Protein chains: 6
Amino acid sequence: MAGHGYQTGRLNLPFVGICTFGKYPYVEDWDAIEADVAVLGAPFDFGAQWRSGARMGPRAIREASTLFAFGHAGAYDHEDDVTYLEPDKVRIIDMGDADIVHTDTVKSHANIETGVRAALAAGALPVVLGGDHSVNIPCINAFSDQQPIHIVQIDAHLDFVDERHGVRYGHGNPMRRAAEKPWVTGLSQIGIRNVSSTARDGYEAAREMGSDIVSVRQARKMGTEALLARIPEGARYYLTIDIDGFDPSIAPGTGTPSHGGFLYYEILELIDGLTKRGEVVGIDLVEVAPDYDHTGTTAILAAQLLLNTIGRVMHQRELRKGAA
Amino acid sequence: MAGHGYQTGRLNLPFVGICTFGKYPYVEDWDAIEADVAVLGAPFDFGAQWRSGARMGPRAIREASTLFAFGHAGAYDHEDDVTYLEPDKVRIIDMGDADIVHTDTVKSHANIETGVRAALAAGALPVVLGGDHSVNIPCINAFSDQQPIHIVQIDAHLDFVDERHGVRYGHGNPMRRAAEKPWVTGLSQIGIRNVSSTARDGYEAAREMGSDIVSVRQARKMGTEALLARIPEGARYYLTIDIDGFDPSIAPGTGTPSHGGFLYYEILELIDGLTKRGEVVGIDLVEVAPDYDHTGTTAILAAQLLLNTIGRVMHQRELRKGAA
Amino acid sequence: MAGHGYQTGRLNLPFVGICTFGKYPYVEDWDAIEADVAVLGAPFDFGAQWRSGARMGPRAIREASTLFAFGHAGAYDHEDDVTYLEPDKVRIIDMGDADIVHTDTVKSHANIETGVRAALAAGALPVVLGGDHSVNIPCINAFSDQQPIHIVQIDAHLDFVDERHGVRYGHGNPMRRAAEKPWVTGLSQIGIRNVSSTARDGYEAAREMGSDIVSVRQARKMGTEALLARIPEGARYYLTIDIDGFDPSIAPGTGTPSHGGFLYYEILELIDGLTKRGEVVGIDLVEVAPDYDHTGTTAILAAQLLLNTIGRVMHQRELRKGAA
Amino acid sequence: MAGHGYQTGRLNLPFVGICTFGKYPYVEDWDAIEADVAVLGAPFDFGAQWRSGARMGPRAIREASTLFAFGHAGAYDHEDDVTYLEPDKVRIIDMGDADIVHTDTVKSHANIETGVRAALAAGALPVVLGGDHSVNIPCINAFSDQQPIHIVQIDAHLDFVDERHGVRYGHGNPMRRAAEKPWVTGLSQIGIRNVSSTARDGYEAAREMGSDIVSVRQARKMGTEALLARIPEGARYYLTIDIDGFDPSIAPGTGTPSHGGFLYYEILELIDGLTKRGEVVGIDLVEVAPDYDHTGTTAILAAQLLLNTIGRVMHQRELRKGAA
Amino acid sequence: MAGHGYQTGRLNLPFVGICTFGKYPYVEDWDAIEADVAVLGAPFDFGAQWRSGARMGPRAIREASTLFAFGHAGAYDHEDDVTYLEPDKVRIIDMGDADIVHTDTVKSHANIETGVRAALAAGALPVVLGGDHSVNIPCINAFSDQQPIHIVQIDAHLDFVDERHGVRYGHGNPMRRAAEKPWVTGLSQIGIRNVSSTARDGYEAAREMGSDIVSVRQARKMGTEALLARIPEGARYYLTIDIDGFDPSIAPGTGTPSHGGFLYYEILELIDGLTKRGEVVGIDLVEVAPDYDHTGTTAILAAQLLLNTIGRVMHQRELRKGAA
Amino acid sequence: MAGHGYQTGRLNLPFVGICTFGKYPYVEDWDAIEADVAVLGAPFDFGAQWRSGARMGPRAIREASTLFAFGHAGAYDHEDDVTYLEPDKVRIIDMGDADIVHTDTVKSHANIETGVRAALAAGALPVVLGGDHSVNIPCINAFSDQQPIHIVQIDAHLDFVDERHGVRYGHGNPMRRAAEKPWVTGLSQIGIRNVSSTARDGYEAAREMGSDIVSVRQARKMGTEALLARIPEGARYYLTIDIDGFDPSIAPGTGTPSHGGFLYYEILELIDGLTKRGEVVGIDLVEVAPDYDHTGTTAILAAQLLLNTIGRVMHQRELRKGAA
């Protein structure tokens, strides 16, 4: 490319460079996406019921993701002895953010849906960075013309409120909205604990509408294998991760923390198992409110988990291709 | 009251006690307000165009206001040699917060309007704690059946956008909405500086609709007296204070800071003059986003300014009564 | 009540409203308490030996407690399938704070004692929010005319110093002071670890005076059931929780953190067992110094634990009544 | 472009989108720059003598710059009645960051020089975001084959140390290094105050080598016009702004703050005058260490000042073209 | 000294080394002080009426003072063209901290008094780092056997409460206590503003007891010269600086901030004039509560001001010696 | 010593006093060290690949270490029933910091080496406080004339990069540099996880050069005993602890956090076992970047771990002496 030979030989340390997700290319024209994975920011936070600030989540996750961009040809994991995310095998792009319209939930959600549909249209795995958990609603909407999906939710809260004071699209509603969709075949709701905006009747409704609810302590007691066994095998999984599913010790930067949550490897191992059990076809990670955590721990967790998740999803796809 | 004689003899230091505004009584029943001043929280922040978090403004201002509650019979100011806010002369109550409905701007604004109308119906001076600047819209709406008002705005931004992408009730729109009201006779927009969401045509529209726009530097050049002289004398003033009218050095905890703002006494002296020039009939102070300022400086500024403003408004009212 | 019908229909989201504990009513007149549970703030921190700031604990815990106030009729726990804190069964009030007199430990402690006695006189369960751990001393004093109590302490530190440099009422002394009381039948000191202000002779004295000392690792090794078995059955328990009994990962906002502490469910399960083993007749939770934790994690832990503790205490009392 | 018509109609609020400087396009290929202004990050901080962290400056300034990107066609300033930065008149691009090599000052500086030379080769005004002030050294080096320049420095510190312990390229040395260059005709050092790494002999050397040293108080006393009059008229100015030239009240997020600094408009007016007095041909803004300022005030100051500076430089260039 | 020749040749950058005040030697044995200036920490904060934390003030000021320790032979000020604090002319030592006894105000104050008396006995200028403003009480007590002193106080608050609820030694009382002393000839109270713990009668008592009260605005209006003229000439001055005399923009890290305070040079110039007008014989700087200011600005202000004050006091003493 | 009898009777609370490590004496003359343990600060951070700030590590660890200095004669651990660090048995001194030269890695490292050699020459156990992990390189160099050592590393990252872009002495290289030394007999690298600057070939090289690599999950699975069994028995251990070996929940204040790390007792028990298995002859603890953690948790972890490690090392040495 360049005569000075500079660009090709960059050391490119993590603290250097523009903060796209994982320092992958930014593709502004959503009709021109050519990628296996398309990352979309959804900086919407009018749906929060306590602390706002999740609108700054996408920026913070992108910034944190650079920590894991050491300029190598892929990410070597010595425990698995696998190099994930090899550049010649996995193409990732950053779509930037969906256009958010202040004061207007309906338009903002519609714009998020547009973005996810663009990723799907390009054949890319959509990975959405919230934003509060209500952004999951347009994400699921965007799958209306796809094959059916099973939702795997990591979360402290059930988010199964039908409607209160007319609110149907806040961050307490997404799983109810999802369960209503014909193309959603069921839900695994994992990490649910303590009091929240969903009352007793919400739990009953969830179970009636096809949800399997598991608390952190229940998950730990049964173990990862048993937990995985409760999730339908061979399905197309949509994975929605509310960062407050994790313990406040590693995810304090969120709107509505709840003590007693998951630790890092508990979820990584669950996801690792999930990628082997079926195809992950969509991902969102929501509720990172970075300004409540000046250590950066929460955003780093989000970035580390997403990169490792994407790596494993793509690795299993590669293996399946090879096997086919 | 109590046999143990404890309650009556409390030292009641600033760090002790429930955080209502100024530690004044909380009146939950808005039909039972008997007060000269009624403070209402409006914790709404879906109207922000950069950082959110102003929803936590009312709580932070209430907490900060306790610093100035030393349990004396009033607030003695040695420079004026006046004791403001003497308990037997000024009755202040805290109405708590307007009910905010997440994702729903229209309902939230309506609930704020209900609160301000309740204060006005009780004959109390409404003092609203934002929330983002869009909460000014329902505040002005609540004056529809009152005598005409002139708006005095302290702000870095003109907030005179008519409509963009359908948005008419965000924090860039309130002054335009106010200017449209028949009961608003004019606007003094003070502190306006630097680039913002209002483009050139907004400035032109503002001037056409009766606005007088003054920057910080212009205000300083002309001096407080000349500035006051531009404001119609003897009018009923509605005072709307965006904390970002102040300099980021003393008000960093806000959504959209703008350097080059006012310092404390510049505004206190302007307000002091205003209370002598006419009757202040409504007040809002908006855009305190406390979690961006861990020093507490911004919330302390809001509390200190409001208490001193209320003191001066009530003191002038007392003087006018005496003169009549 | 109100013609506008507004008050009755509030959504009342967690971020809305005056910050009393759990948004329960504030009862200023301590002779007029009619409640099952009375929450009292004790914002005293002159007893701290490293970082101060626990005086702001009560305010922070109250603010954090609003996160769990979703306006439902009680707190549904899907793991227990129980709705705790149903409004028609449990009456909770907030007494505000004891009057603290700066520089004066004796008077401040006396005022705390007055408050706890008022709660007891009203037949309410006293729940005291510290302040540093020395506030436990007047709490225990207030039980002088009650039936005997057994103290269950969750803490990193033994707090069993008799006197050093004349200090007998600092935050290193409360358990020694308690052990001296005729109405204290014994102590279970749980979570004790690492070096602190109590030297070897303090441990010896504690054991001689009826204390059972258990470290975090010892507690984990034996398990909750065995740990409970060491606590006298059927006793009246006074529960004193120093937030530094928890791990700094979830309770960094405290004066003297000590690594290697308890996690959330370890203590919740211990307390759950305790409520079944006997009657909890008094509670204090101390040493939250919120300004050392801008994430709010520590105050959220305190609020979450207290609400769940109160719920379980009251639920067991209800069951006992039913059984009687 | 796109069939869905979405891209063209974005509201594009400040909190939305990838954080390049001012949301201007990122040009990775430095041989393909076509722009009037080219912004380059120089995230180097091994030259700091107290607090490090300036390596995160470029990211923070880029993020802050989005606050001023309201999606308008230019930035309207009502005080000047000018719309600056009109898209059809000023082309700005973001070059990303120079490649920094940890532990290696020489290579890192060389890479910064490469970037500035690329901007100059493309005919663009180089605007460099530090990094500590030592990054000015390679910036000045890059002008070796340009017409002579006069350096205008805004700073608390003289930065005129020749060599101590072998150090010649730290953040205490840049002005000495610049003064040694044949293509540097003189220096105006403005804002210099209090004790620093430059001792008395450094001041003497500076004056001998063509420097004019002015403190904040001296600058205020003489006024902007007189201060401008001391700067050679009609020269080519290289403007180097150490953020610690500003007062810690508005720029606390820096390595070595010094009280008694400039306020915002003092410098904006100086720069405004400078753009009229001659041609500004290069700019760097250094020493923003964002993690020492969680309010964001410092980075916002840097972004606001740079955008207004670039606007004025380009506006004057336009006027000169028109006049020619 | 050492064979390896290392120690003598250290660069000794500000971020390197043990944090004594100014990196001057620590003298643990208070009977062995040989110095012109003796710095004593007084980490006491039970006297605060709002936020505590001033106990960490001495540590923070010491740490901040290293910023100004560039290892030169003295501190060159180019505006004065003077090198202050030349090592061969001014001997400074750090006495460490007075022993503070938690819960015990009387003992803690007595230990501070012991320290100040030790400094005075050694013929050194005592410089005390607070702690809250109540530490001024033992400082003044220690002058009981010295020649009379005039107190110059920089503060937002009058601190002239006689007694409330038995409190006579809190941070609202020191100036009253001082005014009662036979060896205190008068007080200049400068910067006093806004409401505080001193009520109207306190102001009256102060004036009766020999105090001259000047607000920030009054001080600005009259100018430094006129202000100095109100202070008795040729007296022995004890200078007590409450950091909240400064504006919260540069001193947010304090217990009870008050907007509208002094800026840096206003006070430096006042002190500069004071050192020329008479002999400064004692100094305390109080109320730095560093954990409320993560930028470090407040502690840097304290350190910068103290070093410049000490430099000027010693420089004038030197000039007087030369003149004698 | 002193006539006033004050010094000998100090309570000496943790928040009082000069911040040397553990409040042990500062020995400035490195030729005059008489101690069993010599603590040296190495505030160097140019070797970091993401966030800098580890230069402030030594200061923060010293400050935190005062929390554990309660003025007792040693540190009693009730779980072990041992009093560690009895003053008459263990002499600890603080050497202050190695002289760091900004921009110059080679000189800075050389100065660190000088310090470690001084400690070794005095027969003291060197304990080095980083700084980034590259400071381990000069530490190991200093052992060139000592008996062979086995390195036990606690870390998230392998740090086994040979050279990239000429960098051989950054924080990604130390274990490679160590492995090259003839006096290093092998490495136990414990806690290694996730992607980092070491690519696959680095892992292969490490194993070839004598390294045993164990992840956190592998360590947990095998247990402490089995893990200890993999470390050569009876060797001389050099212990290098990168604070990021711990989980971000307890060590967020570090440059490159990695989720899924160790908890406190896991490492304390490993180290406890190590002290019994052989002689620990050198220690460094690196990568504490305190300004990323305002809670102080990270620095407290470092201080608590180091004091307990030193206590155990010295206790075992004492036991061995007794046995001999």
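Remember, it's a predicted structure, so these values are computed and weren't measured experimentally.

Conventions and cut-offs
- Residues numbered from 1 in each chain as written.
- Chains lettered and ligands numbered in written order.
- Predicted model: local features only at pLDDT ≥ 70, side-chain atom pairs only at ≥ 80, totals over all residues.
- Heavy atoms only, no water.
- Helix = DSSP H or I, 4+ residues; strand = E, 2+ residues; numbered from the N terminus.
- Buried < 20%, exposed > 50% of the residue type's maximum accessible area, 1.4 Å probe, protein only.
- Contact = heavy atoms within 4.5 Å.
- Pairing = 2+ DSSP bridges.
- Axes fitted to C-alpha atoms, helices over the stretch in contact; angles between N-to-C directions.
- Least-squares fit on C-alpha atoms with pLDDT ≥ 70 in both.
- Expected span 1.5 Å × (residues − 1).
- UniProt positions renumbered as here; feature names shortened; annotations may be inferred.
- Polar contact = N/O pair within 3.5 Å; in protein donor to acceptor, adjacent residues only side chain to side chain.
- Salt bridge = Lys/Arg side-chain N within 4 Å of Asp/Glu carboxyl O.
- Nonpolar A, V, L, I, M, F, W, Y, C, P; charged D, E, K, R; others polar.
- Parallel < 35°, antiparallel > 145°, perpendicular 65-115°, else oblique.
- Left-handed = near helix turned anticlockwise from the far one by under 90°.
- Buried area = accessible area lost by both parts, 1.4 Å probe.

A. Spotlight on the side chain of A:Thr309. All names here are of chain A. Mapped onto the elements of the fold, Thr309 is located in helix H8 (residues 297–323). Look at Thr309 and you get buried, because its relative accessible area is 1%. If we skip the residues at most four places from it in the chain, Thr309 touches Leu239, Ile271 and Ile283.

B. The arrangement of the chains, seen in detail. Of all C-alpha pairs spanning chain C and chain D, none lies closer than 11 Å, and the two are not in contact. Separated in space, chain A and chain E share no contact, their closest pair of C-alpha atoms being 11 Å apart.

C. Representation of the sheet that holds strand E10 (residues 279–286) of chain C in the model. Residues and elements named next belong to chain C. Read from one edge of the open sheet, 8 strands run E4-E1-E5-E10-E9-E6-E7-E8, paired in parallel fashion. Every interior strand has two partners, whereas the edge strands, strand E4 (92–97) and strand E8 (211–214), have only one. Taken over all neighbouring pairs, the strand axes of this sheet differ in orientation by 15 degrees on average, direction set aside. Where strand E6 (residues 149–154) meets strand E7 (residues 184–190), 6 bridges bridge the pair, whose relative direction is parallel. By the bridge assignment for E7, His150 is matched with Gly186. The sheet contacts of helix H2 (residues 105–121) involve strand E1 (37–42), E4, strand E5 (125–130) and E10, and relative to E1 the element is tilted by about 175 degrees.

D. Representation of the relation of the copies chain C and chain E. Expressed as a screw transformation, the operator carrying chain C onto chain E has a rotation angle of 180 degrees and an axial translation of 0.0 Å, and the superposed copies differ by an RMSD of 0.0 Å. Viewed as a symmetry operation, the transformation between the two copies matches a two-fold axis. Taking C-alpha positions as the reference, the residue of chain C nearest the rotation axis is C:Phe46, at 2.7 Å. Taken as a fraction of all interface residues of chain C, those also at the interface in chain E reach 100%, which identifies the copy contact as same-surface.

E. Quick peek at helix H7 (residues 264–277) of chain C. Residue and element names in this part refer to chain C. Taking 1.5 Å of rise per residue, 14 residues should cover 20 Å, and H7 covers 20 Å from first to last C-alpha, within 8% of that figure. By the criterion of burial, H7 is predominantly enclosed, with 11 of the 14 residues buried. Taken together, the buried positions of H7 are Tyr264, Tyr265, Ile267, Leu268, Leu270, Ile271, Asp272, Gly273, Leu274, Thr275 and Arg277.

F. Focus on the UniProt feature "binding site: Mn(2+)" (unreviewed entry) in chain A. Residue and element names in this part refer to chain A. What UniProt calls "binding site: Mn(2+)" (unreviewed entry) maps, in this numbering, to His133, Asp155, His157, Asp159, Asp242 and Asp244. Taken along the chain, the residues just named run across 112 residues; in space they keep tight, none of their C-alpha pairs more than 12.1 Å apart. The topology assignment puts Asp155 in the loop between strand E6 (149–154) and helix H4 (174–179). Since its relative accessible area comes to 0%, Asp155 is described here as buried. Among residues more than four places away in sequence, those in contact with Asp155 are His133, Ile190, Gly191, Ile192, Arg193, Asp242, Asp244 and Gly245. Within polar-contact distance, the side chain of Asp155 engages the side chain of Gln153 at 2.8 Å. Structurally, the position occupied by His157 is in the loop between E6 and H4. Among residues more than four places away in sequence, those in contact with His157 are Ile192, Val195, Ser196, Asp244, Thr256 and Ser258.

G. Helix H1 (residues 57–65) of chain A, seen in detail. Among the 9 residues in H1(A), 8 count as buried, and that is most of the element. Buried-residue contacts for H1(A) involve strand E1 (37–42), strand E4 (92–97), strand E5 (125–130), strand E10 (279–286) and H8 of chain A together with helix H1 (57–65) of chain D.

H. Seen up close, the pattern of salt bridges. Residue and element names in this part refer to chain C. Taken as a whole and assessed by the stated rule, the structure comprises 156 salt bridges over all chains. Glu113 is the salt-bridge partner of Arg117, the closest N and O atoms lying 3.0 Å from each other. With Arg117 and Glu113 both in helix H2 and 4 residues apart, this pair spans about one turn of that helix. Relative accessible area serves as the criterion here: at 27%, Arg117 is assigned to the partly exposed category.

I. Spotlight on the sheet that holds E6(A). Residue and element names in this part refer to chain A. The 8 strands are arranged E4-E1-E5-E10-E9-E6-E7-E8 in an open sheet whose pairing can be described as parallel. Each edge of the sheet is formed by a strand with only one pairing partner; in this case those strands are E4 and strand E8 (211–214). The average angle at which neighbouring strand axes cross in this sheet is 15 degrees, direction not considered. Relative to E10, E5 runs parallel, the two being bridged by 3 bridges. When the bridges of E10 are listed, Val127 appears paired with Ile283. Contacting E1, E4, E5, strand E9 (236–242) and E10, H8 runs over the sheet at an angle of about 175 degrees to E10.

J. Up close: the relation of the copies chain D and chain A. Mapping chain D onto chain A calls for a rotation angle of 180 degrees and an axial translation of 0.0 Å; the resulting RMSD is 0.0 Å. Most of the interface of chain D is mirrored in chain A, where 100% of its interface residues again form contacts.

K. Main features of the interface of chain D and chain A. Contact residues are listed per partner, giving 42 residues for chain D and 42 residues for chain A. Counting across the interface, chain D meets chain A through 4 salt bridges. Two residues, D:Arg59 and A:Glu63, come together in a salt bridge whose shortest N-O distance is 2.8 Å. Where chain D packs against chain A, one counts 15 residue pairs in polar contact (both at pLDDT 80 or more). Broken down by secondary-structure element, the contributors of at least two residues to the side of chain D that touches chain A are H1, strand E4 (92–97) and helix H2 (105–121) of chain D. The residue makeup of the side of chain D that touches chain A, split by class, is 17 nonpolar, 13 polar and 12 charged.

L. Quick peek at the packing of helix H7 (residues 264–277) of chain A against H8(A). Residues and elements named next belong to chain A. Direction vectors running N to C along H7 and H8 enclose 20 degrees, while the axes themselves pass 9 Å from each other. By the criterion of interaxial angle, the relationship of H7 to H8 is roughly parallel. Taken as a pair, H7 and H8 cross one another with a handedness that is right-handed. Facing Tyr264, Ile267, Leu268, Ile271, Asp272, Thr275 and Lys276 of H7, the residues of H8 in contact are Leu301, Gln304, Leu305, Asn308, Thr309, Arg312, Val313, Gln316 and Arg320. A breakdown of the residues in the contact of H7 with H8 according to their chemical character gives 7 nonpolar, 5 polar and 4 charged.

M. Up close: the environment of D:Thr240. Residue and element names in this part refer to chain D. Checked against the element boundaries, Thr240 lands in strand E9 (residues 236–242). Along the primary structure Thr240 and Gly255 are separated by 15 residues, whereas in three dimensions their C-alpha atoms are 16 Å apart. Here Thr240 is in contact with His133, Asn136, Ile151, Val152, Gln153, Ile154, Met175 and Asp284, once residues within four sequence places are set aside. Only 2.4 Å separates the side chain of Thr240 from the side chain of Asp284, close enough to count as a polar contact.

N. Geometry of the interface of chain C and chain E. Taken together, the contact pairs 27 residues of chain C with 27 residues of chain E. Both sides of the chain C and chain E interface together cover about 2200 Å² of buried area, and 50% of this is carbon and sulfur. A per-residue breakdown of the area chain C buries against chain E is headed by C:Arg55, C:His102 and C:Thr103, which together make up 27% of the total. Remark: the boundary between chain C and chain E carries 0 salt bridges. Where chain C touches chain E, the interface holds 18 residue pairs in polar contact (both at pLDDT 80 or more). Considered class by class, the residues forming the side of chain C that touches chain E number 8 nonpolar, 12 polar and 7 charged.

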